[in-house]
Amino acid sequence: MKLPRAFYTRGDAVAVARELLGSLLVAPARGGRRVSGIIVETEAYRGPEDRASHAYGGRRTRRTETMYARGGTAYVYFVYGMYHQFNVVTGVADVPHAVLVRALEPLEGVDLMRRRRGGVALRELTSGPGKLCIALAIDRRLDGADLLRDRIWLEPGRRVSPAAIAAGPRVGIDYAENWAARPWRFWLRGNPFVSRAPTASPRRRRA
């Protein structure tokens, strides 16, 4: 069962980011297999007003065009010449809101994930946006994919209580001025697969 279109097309990207926690991100693999993980960390981006968003100020480029699709579309971009990052477009068409999936708890296809990630420890497989894309073989070919079809999708997963969710500022967006302090990063308290400790601020491009 995939998450329905109505889940994504709501106008509040922050609510979607919070409610994605516990959902299952699934990518098919050869031979009828699949790899998947429970979403344990997200960040919301609300362009065009959000200074941290790729679509800030209504910016509309070849890369950001996917953000203007209807909710339930995958937005995948490439950063630093080495990493892909996977986002879920939310809201209605022409309103560029998106949620970055920052970390997963590995569930299915762990051996395949390890091969793709060079045999790293379980804790390191998907504990970051670039890591999870390598583990699930997510790249620019999936940019624009419909999340209600069969190239990549999300399913209901683990029920998460409000008390289990922590919130804080997004990571690496000091340039976003007053938007930098908004608590639009969400993660599962105590989960070992969250990308960073709550006080960490690794450098990362806008999402």
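The structure contained in this document is the topic of the report that follows. Here the structure is a predicted model, which is why all the values come from computation and not from measurement.

The next thing to look at is the overall build of the protein. Of the regular secondary structure elements, the protein holds 4 helices and 8 strands. Each helix and strand of the protein, ordered N terminal to C terminal, gives the series α-α-β-β-β-β-β-α-α-β-β-β. Here the protein has a C-alpha radius of gyration of 16 Å; the compact-globule value for 207 residues is 17 Å, and the two agree. Looking at the 207 residues of the protein, the share that counts as buried comes to 54%. At a minimum sequence separation of 6, the contacts of the protein that also span at least 24 residues come to 62%. Just so you have it, the protein exposes about 9300 Å², and 51% of that area is on carbon and sulfur atoms. Counting 36 positive and 19 negative side-chain charges, the protein places the averaged centre of each group 3 Å from the other.

What follows is about a nonpolar patch on the surface. Together, Y80, M82, Y83 and I134 make up a nonpolar patch on the protein surface, roughly 370 Å² of accessible area in all. In this fold, M82 is placed in the loop between β3 (74-79) and β4 (83-90).

On to the packing of aromatic side chains. According to the stated counting rule, one finds 3 aromatic pairs in the structure shown. Measuring from centroid to centroid gives 5.2 Å for Y75 and Y77, while their planes differ by 45°, and the two rings are tilted. Judged by its relative accessible area of 0%, Y75 falls in the buried class. With relative accessibility at 0%, the residue Y77 sits in the buried group. Relative to W184, the ring of W179 lies with its centre 5.8 Å away and its plane at 65°, an arrangement referred to as edge-to-face. Comparing W179 with W184, the two get one shared label, buried.

Before going further, it helps to spend a moment on the nonpolar core. Core analysis: the biggest nonpolar cluster contains 64 residues, and L20, L25, F86, L136, I138 and L154 have the highest contact counts within it. When near neighbours in sequence (up to four residues on either side) are disregarded, I138 contacts L25, V76, H84, F86, L132, C133 and I152.

Before going further, it helps to examine the environment of P169. Here P169 is to be found in the loop between β7 (165-168) and β8 (185-188). Spatially, the C-alpha atoms of P169 and A181 are 5.1 Å apart, while their sequence positions differ by 12 residues. Residues in contact with P169, not counting those within four places in the same chain, are A180, A181, R182, P183 and R185.

What follows covers unusual backbone geometry. Excluding glycine, residues mostly carry a negative phi; peptide bonds, for their part, are mostly trans. Residue G47 is joined to P48 through a cis peptide bond whose omega torsion reads 5°. Its place among the elements puts P48 in the loop between β2 (34-46) and β3. Positive phi is not limited to glycine here, since D94 has a value of about 75°.

Turning to the pairing of β8, a few remarks are in order. Here β8 shows two buried faces, one formed by R185 and W187 and the other by F186 and L188. The pairing of β7 with β8 spans 4 bridges and is antiparallel. Within the sheet, the bridge partner assigned to A167 lies in β8 and is F186.

What follows is about the pattern of salt bridges. Evaluation of the coordinates by the stated rule reveals 16 salt bridges. Across the pair D94 and R60 runs a salt bridge, and its minimum N-O distance is 3.1 Å. You can see D94 sitting in the loop between β4 and β5 (97-108) and its partner R60 sitting in the loop between β2 and β3, a full 34 residues away along the chain.

What counts, and at which threshold
- Residues numbered from 1 in each chain as written.
- Predicted model: local features only at pLDDT ≥ 70, side-chain atom pairs only at ≥ 80, totals over all residues.
- Heavy atoms only, no water.
- Helix = DSSP H or I, 4+ residues; strand = E, 2+ residues; numbered from the N terminus.
- Rg over C-alpha atoms; globule rule 2.2 N^0.38 Å.
- Buried < 20%, exposed > 50% of the residue type's maximum accessible area, 1.4 Å probe, protein only.
- Contact = heavy atoms within 4.5 Å.
- Areas by Shrake-Rupley, 256 points an atom, 1.4 Å probe, with all protein chains shown as cover.
- Lys, Arg positive; Asp, Glu negative; His and termini not counted.
- Charge placed at Lys NZ, Arg CZ, Asp CG, Glu CD.
- Patch = residues over 30% accessible without salt bridge, like charges linked within 9 Å, V, L, I, M, F, W, Y side chains within 5 Å.
- Salt bridge = Lys/Arg side-chain N within 4 Å of Asp/Glu carboxyl O.
- Phe/Tyr/Trp six-rings, centres within 6.5 Å; stacked < 30°, edge-to-face > 60°.
- Core = buried A, V, L, I, M, F, W, Y, C linked by side-chain atoms within 4.5 Å.
- Pairing = 2+ DSSP bridges.

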